[in-house]
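# Notes for the structure review
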Amino acid sequence: MSEIALVNNPNVGLDKTQKGGPYVNDLSTLNLGPTHPATHGIFQNILTMDGETIVDAEQTVGYIHRAFEKIAERRPFYQITTLTDRMNYCSSPINNMGWHMTVEKLLGIEVPKRAQYMRVIMMELARLADHIVCNSILAVDTGALTGFLYVYQWREHIYEIYEEMCGARLTTNMGRFGGMERDFSKVAIEKIKVLLEGLPKGLKEFEGMVMRNRIFMDRTQNVGAISAERALNYGFTGPNLRAAGVDYDVRSLNPYSSYEDFEFDVPVGTKGDTYDRFLVREEEMWQSLRIIQQALDNLPEGPYHADAPHYYLPKKQDVYHNMEALIYHFKIVMGEIDAPVGEVYHSVEGGNGELGFYLVSDGGRTPYRLKFRRPGYIYYQAFPEMIKGSSLSDAIVTMSSMNVIAGELDT
Amino acid sequence: MENQQIIDALQKQFGEEAIYGIGESHGILQVTTSVDNIVPMLHFLYADPVLKFQFLTDLAGIHFPDAVGQELGVIYHVHSLENNVRLWIKAYAPIDRPNFPTITGLYAAANWMEREAFDFYGIIFEGHPNLTRILNVDDMDYHPMRKEYPLEDATRHDKIDELFGR
Amino acid sequence: MVESPPGLEGQGFFATSLDSLVGLARANSLWPLPFATSCCGIEFMSTMASHYDIGRFGAERLSFSARQADVLMVMGTIAKKMAPVVKQVYLQMAEPRWVLSVGACACSGGIFDTYSVLQGIDRIIPVDVYVPGCPPRPEQILDGFMQIQELAKNESTRRRNTPEYKALLASYGIE
């Protein structure tokens, strides 16, 4: 029952002397979601409110459960790449390449250095794309729409680079087992250079509008904070954990794809609040630009994929003129390649945390079991604890800054 | 830290019979234990001043229909961030009594992971604060990730078996 | 500027049918309700942002309230758990209402032929325009939207009262 209804109801005796005001025991229930514009995805939060303060929250997820893990048990390995696209669709190349590296680990394929560097560039572009969305939407949720329109242009530019590398904008399906599908074209290199030149300006402009903005700071500082211990206990990873002050980054702790060759900083926050998460993401974007610059400057010459004909799809023109290529093409496309028996866990630093793939192979053509460790699924549990006692508007920005992506969370 | 050191510490604490199925896969140590040992083992690994396995990376259910008496399994992925060592602990239970103890008391993150394993495999985590379905609809009457259930949507009429070679 | 509908024009007056005038007004100020669930929602964000700018079609005013929306844009996979919500939102919309189904998942379930995914939203609500693609490019979404505009422009004001339309709704169990 709302306050107004209470005031107009003559039967309710108001005891103004009661501690905490007259409505202290009058809790209302607010249903936030599953189609609320501020939840950025399909989540339902049933909030118990005392006026404007959240007393308790109960979450429901699974509104876009698509049974990825079950599908993965019925599909040949290379078809699972398309599933990983649709998990964290804000940064699909990271998912694609994480999956490719998992399978390469199982198959024992050594990827050439050039392909590894190319992967690093694409993954960092994906991280930029992810963080641009997250941070600009956080600004939108606090009422600043302009910043979103400014930086989104650069996201479109990143999409153009994706298109150059794989033909798709969002669900990229980029790369192959053993390397990349194609080499960087001249246009792609040119576009990356334009990005490296232009994005810093755009980012500075965005930061100038938002970062020291009094309204933004008041809305985000000390909002939705979580301590480092609680964050670890809740299984936080990625920028959210780093904002709480733990410097765990898969790229530096367990380097994959030649990340050890690059120099970059791992930014950490102190309080673990919304503002810290925003700052950590901003700084990560600068570090991503740094990594891309280094990878582009030192891009080694050589092949862009491993010599693994059993798993690497041959070039289309070879299929028409070359017997072996035709056979391999047929076998790969029909999913008639047996994988070795084994168990692999491989994790990469995804846009929002440690994205892990636990693959059990029984020697068949499909995985026996594939478990995705989705960072969003694990840390979203902490949301009620983070918003308890704060106001409804704080809950909105907290959720926005956590970068939970429904497609990934619900698989 | 060497993997052997972890094995030694576990065997010293729980006895040699309790730890079996020791193996290594791409550098990650895996051990199998009985269902009763799971909670004490995770607590021991958490509290040990050297090992410090204090991060639960993931918890995966698995179904082996052919392994009689050990059909359903749970794989705990724990990570010692300080030593940068990962460890898999596996345990199996029969399908007619798939009861595991909950580890939500130790890791808050295990809450939804266990609910997911319950939802997909029907593994019952005793002592869990709210063991209900999480991803699927509440009125579902089976556990879809078990191997005997089909993937496809049963309500579709436009998929003619002949056209799909079935 | 939109072109004026065919009519009789003279000094100081312009006469045309009410239908075409209403259609003209409707078509150029459609308020979309973005029902974005997954990947296609991100493409919708691109459609909305500066590069593609859906505002050129009079649709920059997103109506997150179903009561004031004209077009329900369903973008992304609709799981069976979500299906009642989609229907509820559709029921809350006032007539005339159009439905744009964006992406393979919303149109047919897409690559997810699984136990948990609704195989196309046309199983629960009537759909006016389908936009294929996984996900469709913003240009495609705009094209789909323009087709909705075309429908709105040419629709008779009485269509929503016809027995055919009522029968269509009844086939979905909507009174």
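Positions within a chain are numbered from 1, following the residues in the order the chain's sequence is written. Just so you know, chain letters begin at A and ligand numbers begin at 1, following the order they were written in. Note on the predicted model: pLDDT of at least 70 is required for a residue's local features to be given, and 80 or more for side-chain atom pairs to be given and counted; whole-chain, interface and lining totals, by contrast, use all residues. Hydrogens and water molecules were not included; the side-chain quantities draw on all heavy atoms of the structure.

## Some words on the overall build of chain A
- When helices and strands are tallied, chain A shows 18 helices and six strands.
- For this measure, only C-alpha atoms enter the radius of gyration; the expected value for a globule follows 2.2 Å times N^0.38, where N is the number of residues. For chain A, the C-alpha radius of gyration of 24 Å lies close to 22 Å, the compact-globule estimate for 411 residues.
- On the principal axes, the C-alpha backbone points of chain A span a range of 90 × 45 × 35 Å.
- The buried label goes to any residue with under 20% of its type's maximum accessible area, the exposed label to any with over 50%, and the partly exposed label to all in between, with areas taken from a 1.4 Å probe on protein chains only. Burial statistics for chain A: of 411 residues in total, 63% are counted as buried.
- The contact definition used throughout considers only heavy atoms, calling two residues in contact when any of these lie within 4.5 Å. Taking all contacts inside chain A whose residues are at least 6 apart in sequence as the whole, residues at least 24 apart take part in 70%.
- Accessible area of chain A: about 14,800 Å², with a carbon and sulfur share of 51%. Secondary structure elements follow DSSP: runs of H or I no shorter than four residues count as helices, runs of E no shorter than two count as strands, and numbering proceeds from the N terminus. Under the convention used here, a 1.4 Å probe and the Shrake-Rupley method define accessible areas, while residue burial counts only the protein chains that appear.

## As for the packing of aromatic side chains
All names here are of chain A.
- Only rings of Phe, Tyr and Trp enter the pairing, Trp through its six-membered ring, and a pair is recorded when the two centres are within 6.5 Å. The plane angle decides the type: under 30 degrees is stacked, over 60 is edge-to-face, the rest tilted. Throughout the structure, instances matching the rule amount to 27 aromatic pairs over all chains.
- Summarising the aromatic geometry, the rings of Phe206 and Phe278 are spaced 6.3 Å apart at their centres and angled 50° between planes, so their arrangement reads as tilted. Note that Phe206 is positioned in helix H7 (residues 186–210) and Phe278 in helix H12 (residues 274–297), a separation of 72 residues in sequence.
- You can call Phe206 buried: its relative accessible area is 1%.
- On the basis of relative accessibility, which here comes to 0%, the residue Phe278 falls in the buried class.
- Between Phe357 and Phe372, the ring centres sit 5.8 Å apart and the planes meet at 80°, which makes this aromatic pair edge-to-face.

## A closer look at the layout of surface pockets
- Volume-wise, the largest pocket comes out at about 1,100 Å³.
- Counting residues per element, the ones that place at least two in the lining of the largest pocket are helix H5 (113–141), helix H6 (145–166) and helix H17 (392–402) of chain A together with strand E3 (32–36), helix H2 (39–48) and helix H3 (83–92) of chain C.
- Note on residue classes: Ala, Val, Leu, Ile, Met, Phe, Trp, Tyr, Cys and Pro are nonpolar, Asp, Glu, Lys and Arg are charged, and everything else, Gly too, is polar. Here the residues of the lining of the largest pocket sort into 31 nonpolar, 14 polar and one charged. Whether a set of points on the 1 Å grid over the protein atoms alone is a cavity depends on a 1.4 Å probe fitting there but being unable to get out, while an open set qualifies as a pocket with protein on both sides within 12 Å along at least five of seven lines; lining residues are those with an atom within 4 Å of a point. Grid points are joined across faces, edges and corners, and a volume is the space filled by probe spheres set on the points.

## Section: the environment of Met211(A)
Residue and element names in this part refer to chain A.
- Among the structural elements, Met211 can be located in the loop between H7 and helix H8 (214–220).
- Note on Met211: relative accessible area 18%, which makes it buried.
- Separated by 33 residues in sequence, Met211 and Ala244 have C-alpha atoms that sit 19 Å apart.
- For Met211, the residues in contact, after removing those within four places along its chain, are Phe206, Met217, Tyr275, Phe278, Leu279 and Glu282.

## Observations regarding helix H5 (residues 138–154) of chain C
All names here are of chain C.
- In a helix, the anticipated span is given by 1.5 Å times the number of residues less one. Over its 17 residues, H5 runs 24 Å from end to end, which matches the ideal 24 Å to within 8%, given 1.5 Å per residue.
- All of the buried residues in H5 are Pro138, Ile141, Leu142, Gly144, Phe145, Ile148, Gln149 and Ala152. For H5, the angular spread of the buried residues around the axis is 160°, confining them to a single face.
- Where H5 is buried, its residues touch helix H1 (18–27), H2, strand E4 (71–75), strand E5 (98–102) and strand E6 (129–131). Picture the helix axis, draw a direction to every C-beta atom, and the arc is the one those directions span.

## Here we look at the interface of chain A and chain C
- Contact residues are listed per partner, giving 34 residues for chain A and 31 residues for chain C.
- Of the roughly 2,700 Å² buried at the junction of chain A and chain C (both faces included), carbon and sulfur atoms supply 68%.
- Summed over both partners, the accessible area (1.4 Å probe) lost when two parts come together is defined as the buried area. By the criterion of area lost to chain C, the three top residues of chain A are Tyr63(A), Arg66(A) and Arg169(A), representing 19% of everything that side buries.
- By definition, a salt bridge exists where a carboxyl oxygen of Asp or Glu is found within 4 Å of a side-chain nitrogen of Lys or Arg. Linking chain A with chain C are two salt bridges, by the criterion used here.
- For this analysis, a polar contact is any N or O atom pair within 3.5 Å, provided that within protein one partner can donate a hydrogen and the other can accept it, and provided that sequence-adjacent residues contribute only side-chain to side-chain pairs. The interface formed by chain A and chain C holds 10 residue pairs in polar contact (both at pLDDT 80 or more) in total.
- Counting residues per element, the ones that place at least two in the side of chain A that touches chain C are helix H2 (68–72), H5 and H6 of chain A.
- For the side of chain A that touches chain C, the element with the highest residue contribution is H6(A), accounting for nine residues.
- When the residues that make up the side of chain A that touches chain C are grouped by side-chain class, the tally is 20 nonpolar, six polar and eight charged.

## Considering the sheet that holds E6(C)
All names here are of chain C.
- The sheet built from four strands is open, its strands ordered E3-E4-E5-E6 with parallel pairing. Pairing within the sheet leaves two strands with one partner each, and these edge strands are E3 and E6. Sheet twist, expressed as the mean angle between neighbouring strand axes with direction ignored, is 15°.
- Here, a strand pair is defined by DSSP locating no fewer than two bridges between the strands. Bridge analysis of E3 against E4 gives five bridges, and the strand direction is parallel. Opposite Ala36, over in E4, you have Met75 as the bridge partner.
- Axis lines are fitted through C-alpha atoms, for helices just across the contact stretch, and the angle between N-to-C directions can take any value from 0 to 180 degrees. Contacts from H5 reach E4, E5 and E6 within the one sheet, and its direction differs from that of E5 by about 160°.

That is the geometry; function is a separate question.
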